[in-house]
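Close look at the chain arrangement
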Number of protein chains: 4
Amino acid sequence: MQKYICVKDLENAALELLPKATRDYYKSGATEEQTLAENSRAFRRLRIRPKCLVNVECADMRTKVLGNEVCLPVGISPSAMQRMAHPEGEVANVKAAEAEGTVYILSTIATSSIEEVARAAPKAIKWFQLYIYNDREVTKNLVSRAEQAGYKALVLTVDTPLFGIRRADIRNKFTLPPHLKLANFDGDLSTKIQSTKGGSGLNEYVNGLFDKSLTWDEIKWLKSITRMPIIAKGILRSDDAVKAIEAGCSAILVSNHGARQLDGVPATIEALPEIVEAVKEYNTEVYLDGGVTTGTDVYKALALGARMVFVGRPALWGLTVGGQSGVQRMLNIFSTELEYTLQIAGTPTIADITRDMVCHENFYCKL
Amino acid sequence: MQKYICVKDLENAALELLPKATRDYYKSGATEEQTLAENSRAFRRLRIRPKCLVNVECADMRTKVLGNEVCLPVGISPSAMQRMAHPEGEVANVKAAEAEGTVYILSTIATSSIEEVARAAPKAIKWFQLYIYNDREVTKNLVSRAEQAGYKALVLTVDTPLFGIRRADIRNKFTLPPHLKLANFDGDLSTKIQSTKGGSGLNEYVNGLFDKSLTWDEIKWLKSITRMPIIAKGILRSDDAVKAIEAGCSAILVSNHGARQLDGVPATIEALPEIVEAVKEYNTEVYLDGGVTTGTDVYKALALGARMVFVGRPALWGLTVGGQSGVQRMLNIFSTELEYTLQIAGTPTIADITRDMVCHENFYCKL
Amino acid sequence: MQKYICVKDLENAALELLPKATRDYYKSGATEEQTLAENSRAFRRLRIRPKCLVNVECADMRTKVLGNEVCLPVGISPSAMQRMAHPEGEVANVKAAEAEGTVYILSTIATSSIEEVARAAPKAIKWFQLYIYNDREVTKNLVSRAEQAGYKALVLTVDTPLFGIRRADIRNKFTLPPHLKLANFDGDLSTKIQSTKGGSGLNEYVNGLFDKSLTWDEIKWLKSITRMPIIAKGILRSDDAVKAIEAGCSAILVSNHGARQLDGVPATIEALPEIVEAVKEYNTEVYLDGGVTTGTDVYKALALGARMVFVGRPALWGLTVGGQSGVQRMLNIFSTELEYTLQIAGTPTIADITRDMVCHENFYCKL
Amino acid sequence: MQKYICVKDLENAALELLPKATRDYYKSGATEEQTLAENSRAFRRLRIRPKCLVNVECADMRTKVLGNEVCLPVGISPSAMQRMAHPEGEVANVKAAEAEGTVYILSTIATSSIEEVARAAPKAIKWFQLYIYNDREVTKNLVSRAEQAGYKALVLTVDTPLFGIRRADIRNKFTLPPHLKLANFDGDLSTKIQSTKGGSGLNEYVNGLFDKSLTWDEIKWLKSITRMPIIAKGILRSDDAVKAIEAGCSAILVSNHGARQLDGVPATIEALPEIVEAVKEYNTEVYLDGGVTTGTDVYKALALGARMVFVGRPALWGLTVGGQSGVQRMLNIFSTELEYTLQIAGTPTIADITRDMVCHENFYCKL
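Reading guide: rules and limits
Residues numbered from 1 in each chain as written. Chains lettered and ligands numbered in written order. Predicted model: local features only at pLDDT ≥ 70, side-chain atom pairs only at ≥ 80, totals over all residues. Heavy atoms only, no water. Buried < 20%, exposed > 50% of the residue type's maximum accessible area, 1.4 Å probe, protein only. Helix = DSSP H or I, 4+ residues; strand = E, 2+ residues; numbered from the N terminus. Pairing = 2+ DSSP bridges. Right-handed = clockwise from strand over helix to strand, strands pointing away. Contact = heavy atoms within 4.5 Å. Buried area = accessible area lost by both parts, 1.4 Å probe. Salt bridge = Lys/Arg side-chain N within 4 Å of Asp/Glu carboxyl O. Polar contact = N/O pair within 3.5 Å; in protein donor to acceptor, adjacent residues only side chain to side chain. Expected span 1.5 Å × (residues − 1). Phe/Tyr/Trp six-rings, centres within 6.5 Å; stacked < 30°, edge-to-face > 60°. Least-squares fit on C-alpha atoms with pLDDT ≥ 70 in both. Axes fitted to C-alpha atoms, helices over the stretch in contact; angles between N-to-C directions. Parallel < 35°, antiparallel > 145°, perpendicular 65-115°, else oblique. Nonpolar A, V, L, I, M, F, W, Y, C, P; charged D, E, K, R; others polar.

1. Some points on the pairing of strand 7 (residues 153-157) of chain B
Where a strand is regular, its side chains alternate between the two sheet faces. Residues and elements named next belong to chain B. Taken across its five residues, strand 7 has five buried, putting it largely inside the fold. Residues A153, V155 and T157 line one face of strand 7 and the alternating positions L154 and L156 line the opposite face, and both faces are buried. As paired elements, strand 6 (residues 125-130) and strand 7 share four bridges and run parallel to each other. Looking at strand 7, one finds that F128 is bridged to L154. With helix 6 (residues 136-148) bridging strand 6 and its parallel neighbour strand 7, the resulting β-α-β unit is right-handed. Bridging between strand 7 and strand 8 (residues 230-235) involves four bridges; their strand directions are parallel. From the neighbouring strand, L154 faces strand 8, where its bridge partner is I230.

2. With respect to the pairing of strand 6 (residues 125-130) of chain C
Residues and elements named next belong to chain C. The buried fraction of strand 6 amounts to six of the six residues, a majority that puts the element mostly inside the structure. Residue alternation in strand 6 divides its side chains into two sets, I125, W127 and Q129 and K126, F128 and L130, and both sets are buried. Across four bridges, the pairing between strand 5 (residues 103-106) and strand 6 is parallel. Bridging from a neighbouring strand, V103 pairs with I125 of strand 6. This β-α-β element, strand 5 to helix 5 (residues 114-120) to strand 6, shows right-handed connectivity.

3. Focus: the interface of chain D and chain A
Buried accessible area, meaning the area lost when the parts come together, often serves as the stated size of an interface. Counting residues at the interface gives 43 residues for chain D, matched by 33 residues for chain A. For the chain D and chain A pair, buried surface summed over both sides reaches about 3400 Å², with 59% attributable to carbon and sulfur atoms. At the surface where chain D touches chain A, the tally comes to seven salt bridges. Among the salt bridges present, the one from D:R171 reaches A:D9, with a minimum N-O distance of 2.8 Å. At the junction of chain D and chain A, the tally comes to 14 residue pairs in polar contact (both at pLDDT 80 or more). Per-element accounting of the side of chain D that touches chain A gives the leading share, four residues, to helix 12 (residues 268-279) of chain D.

4. What to know about the interface of chain A and chain B
Taken together, the contact pairs 43 residues of chain A with 33 residues of chain B. When the two sides are added together, the surface that chain A and chain B hide from each other amounts to roughly 3400 Å², 59% of it contributed by carbon and sulfur. Contact with chain B buries surface across chain A, with A:Q34, A:R237 and A:L262 losing the most and accounting together for 18% of the total. The salt bridge involving A:E32 is made with B:R44; its shortest N-O contact spans 3.0 Å. On the surface where chain A and chain B come into contact, there are 14 residue pairs in polar contact (both at pLDDT 80 or more). Looking at the side of chain A that touches chain B, the elements that each hand over two or more residues are helix 3 (34-44), helix 7 (167-172), helix 9 (201-209), strand 8 (230-235) and helix 12 (268-279) of chain A. With four residues, the top contributor of residues to the side of chain A that touches chain B is helix 12 of chain A.

5. Some words on the arrangement of the chains
No part of chain A reaches chain C; the closest C-alpha pair between them is 15 Å apart. One thing to see here is that chain B and chain D don't touch, and their nearest C-alpha atoms sit 15 Å from each other.

6. Concerning helix 4 (residues 89-100) of chain D
All names here are of chain D. Its twelve residues place the ends of helix 4 17 Å apart at the C-alpha level, agreeing with the 16 Å of an ideal helix rising 1.5 Å per residue. Turning to helix 4, its buried residues are G89, E90, V91, A92, N93, V94, A96 and A97. In this fold, the buried residues of helix 4 make contact with strand 4 (74-76), strand 5 (103-106), helix 5 (114-120), strand 6 (125-130) and helix 14 (313-344). G101, located one to two residues past helix 4, shows a positive phi value of around 70 degrees.

7. Some remarks on the packing of aromatic side chains
All names here are of chain B. Following the criterion strictly, the structure yields 52 aromatic pairs over all chains and no others. Taken together, a centroid distance of 5.6 Å and an interplanar angle of 45 degrees make the contact between W127 and F310 tilted. Remark: F310 occurs in strand 11 (residues 308-311) and W127 occurs in strand 6; sequence separation between them is 183 residues. Since its relative accessible area comes to 1%, W127 is described here as buried.

8. Re the relation of the copies chain A and chain B
Structural alignment of chain A on chain B gives an RMSD of 0.0 Å, achieved by rotating through 90 degrees and translating 0.0 Å along the axis. The superposition operator between the copies reduces to a four-fold rotation axis. Of the C-alpha atoms belonging to chain A, the one lying closest to the rotation axis is found on A:N362, 7.4 Å away. Little of the interface of chain A is mirrored in chain B, where only 2% of its interface residues are also at the interface.

9. Considerations on the packing of helix 1 (residues 7-17) of chain A against helix 14 (residues 313-344) of chain A
Residues and elements named next belong to chain A. Axis separation between helix 1 and helix 14 bottoms out at 10 Å; the angle between their running directions is 180 degrees. One way to sum up the angle between helix 1 and helix 14 is to call them roughly antiparallel. Of the residues in helix 14, those in contact with V7, L10, E11, A13, A14, L15 and L17 of helix 1 are P314, W317, G318, T320, V321, G326, M330, I333 and F334. Grouping the constituent residues of the contact of helix 1 with helix 14 by class yields twelve nonpolar, three polar and one charged.

10. A look at the relation of the copies chain D and chain A
Superposing chain D onto chain A requires a rotation of 90 degrees together with a translation of 0.0 Å along the rotation axis, leaving an RMSD of 0.0 Å. The fraction of interface residues of chain D whose copies in chain A are also interface residues is only 2%, indicating that the copies meet through different surfaces.

In structure tokens form, the structure reads like this:
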């Protein structure tokens, strides 16, 4: 794995290895993919303002999320059907997270079950990503099983009444490969990602089963069935962040669903500051995913107020290239790059990364 | 038609099918085509700020324009000589609008007559686009016939004392193909789009026949000969919008004539906000055309205050590719994309699309 | 000439026809040619805000400069050694200006003499561009001859203590072709554009002969030897514009010498507004050259306060392609494009072009 | 050397001549090389505002740095291991600086020793760049030897607790070529730039030997062992500049280490103004390196308050192409370009370059 020295290396290798339909599924964004590009580009518009001659002998990347210590402020975002990338799929992924001491978020529509994943990495900090099905018994069952299996938080996706338009999936008539199942379900629910109307099988599945009528009141119900803290994933506006907190959520994951839901929404690093500002008085943790591919991206998000960042596609690239080792390599790359950044920026610990360490490029146009 | 999944697909297919002179005529903009490019690019500079966990079960794209309900806030802008694209031309186009429940605007210089179009789609909401000829009897005749035939509004083009410089038409010495006629006229007026001076035949026609001395006083005369409401098409400045209303117009269509008149004018989505602001106190409907190719473009225009948008070239691409079915496919694509947008943005009905749902990208540079 | 329908067509044709050293000499800008590109690009950042339904039947492009009526607010800027482009050089150029009723500015370092040019086009409005030689008798002689020959103004170049670094000329060891002479001089002064030190022959000439010690006091001396009004050419700052006027200049030509003097200076259309603002109280005419290639460029400069614009390279391209007819074609293209612009923008005469007709693109980013 | 007429020419030639590992080592920036590109691009966003009709007969590029007169405000920045570029390495480089009357800064990790360099160019103004080794005796030895050998200042690198991630060096497993040594050291310290862990040998060396625990207190110690003035190299923030001065530094070198330390930091010309502003009250000299490749770049830095600029890579390109003559050619190019700039901008001496001579491009967007 040593030959892959940056996330881009892993991506390039993975894109070569994956069959077309899977590759397209993983890499696509909504419609014209403007936001997909912006998720990365927006990081490039920020500048780090390094401090000199600070004692950085003891760089320390540990931080706490929801009370749990992680070795690295980079966790793994939920992505669906990871066995399409590698035979061990979610299991390899969670083991990598365990080995590197970070958080793994399992998707509802995973190809490994809640229990399998828990068993594979008992010491990993595992969170469970939840889609709410029309059939509330199905939902309730997922939640209880996750709690039972030791998952530490519920990551409720709040941006998905249906799945966005991903043109490649439509053209490919994307379906779950026949040897795989949605492992958290039985019967139809586990296999129905099939294209019967000539478009994306995944969109058919979601349109048929997910509840489009959800409101913030749902949080109350969720809290009535679980003691796990709830993280609202998919927030892009400060008013929604406040609603989430007032509805009972414990944390906010600023996300645009990998730019896969609606094209033209802000890059997540663009949306972050207003949300951090809005929740300041509640003392709520804010996380971010979307477009993070380097250690400096992580650093910028932390400086703007994220407690932790999550990466989705980078884990899939690592998984494709080398299973658990590939994911660990990916995490190691982030770890190395972030450690260099902490040291060269003169902020050896996470707590040292104050808001003034990063500015928008426009800061330098005032001349 | 299912294989065309976005407007760009239809455009690409149409550009392959059309003969060079027609293709160039349809796709060109004025001189250097800077505004042509900006009409699209300006939409890309806007961001949608989606709301989460809103009940979006009942998405509803219906709206009312000038008192008539449409199923979709996307109508068909006038474009000249549509039988160059397909043998059924305007007739196929209006039937598609009828089938999809939206507005069709017939051009004065159409290759199907006012009456033919009316007969073909009796239930469609039809508006008639008017150019004022030097010979006012000609003009009067057009207006009465449109009113007689059940057209619901007069769309007066206010940006065309003459036609802009379209270099490809000059190079091609553009003429109306010999088997076609301007169907609303007899004799010379119906065939004179001929290049006799070595440039664009269309420009010769327009320069010879259109009245360059028009002022806002003309509205008074028009109102004296028809009861149809008058929509001023081609406004790009707030002061002109106010003049139009004070002169008696019932609505404003913000347009730069498909970027075909004067290069360097603003993109229509750039011009929209100041016009919406200016007419607010008059409670006048504002529409927009120009550069709209996706459902998110429609959404952005509505958020900035347009009651409805119109598309010209997309209808021509659909028409070229599949006649009536092609145009319906185009409208269906917009419908699907807009419905997704309404749902994922958390604004299930048109009325829900408040101004704060969209911002300029600069909003995110204030950091 | 009809096949050339825009200035770019003439440019492309000319670049194919010219021998390398001449082509490079004409088209180059200083060092990295950043300003050369900006001269055009800066026009693209401006938007025209057209007015609708204005009576534009009587478009009129006439204006007055220094009391003389011109048919078109586009004159011909001085450029050196025009016989390199065409055997008739300056003579063909001035005849074109005469035929089209506009101003021709003859360069000091022309390949046709002051008198030849005057004889060729007795009715043209001719101005004489002046470089001040170390030898003041030489200078005085030029000025008296120009006045004698009926030139109407002295265009004093104020940005050229020496010629800028033009890399192509250095690489080509640019020299005046042996069959040509600087026709305003005798002996050495007429032939010395020779590369003896392995760089640009023109730079050697200028460095050896031009007076680098000039200050604004020189205007006084010039006024003592001529009654021609003096136009200061090469101003890019408001304070210099005021100095020019207070020193006795009658008009300002905002110019960066075709981006040939110093790379990194502002585009001329960028510099124009502050200068117009600064000289407002003096009621002084301001002109502009640099990067003007379309009728909308002319319009934008007029809207920002220029009384007239001048074009250098476009005349050279026309000259190369067709001698006098080529230059007339170039002027006709500007004339046609500007007339369309006046009419479609709803400002039929030059006096109608008020400041609000044009704005910076940023005007549309305030959203 | 005459055929190289700009720094880019030297760069192109050098890149062809150098073996891959050396070429990559010299040209690379940190990780994604965003800052590397910005170091140049940021200069392009500044505009020079030239003044006309100033007597520029006596252009004079002399200035004083730390009390020493230089003929040109362009010195040579430290870069490591210059014998990789040319057999005479640092010796050729310093001789060029001596011949052209400017400053040469010798790197700690040079392939020629402090004494060799001093002997080769006794009259050159030599400064010694210092890295502080964990072993303070090593450091002390370097400092005393430099003072002894007549170096006039200590340039303390303050941005390098470790070396940045340079991907090419990792891929190349960069090592010091076997025939070369770090000439300021004996034994291991002189040869240890070896890749033993499969990455960059240089990073291994630095990580093992440099002191990561340095703080501004270290300046006190340095001042206790030398009378040379100390220049803090690598400052990018105004607060750090103030800290440096208050800790006892005599000057500030604004630098991002050739964009080699941390990607995403500001371009040096972006960082310069806030630092100049902050140190104004201390009357401290400020220098700059990074991205300077033309005379107008030098001019812009001086206008924004730098007393002198330094160039690293340009010296390496000159050295590669022609040893001492190549470096002199490079300095001559800067000298010529800067002299032209002084004259055409109407500011014949360094003292004439006031702050208003340069503005940000945004200055011209206020329209």
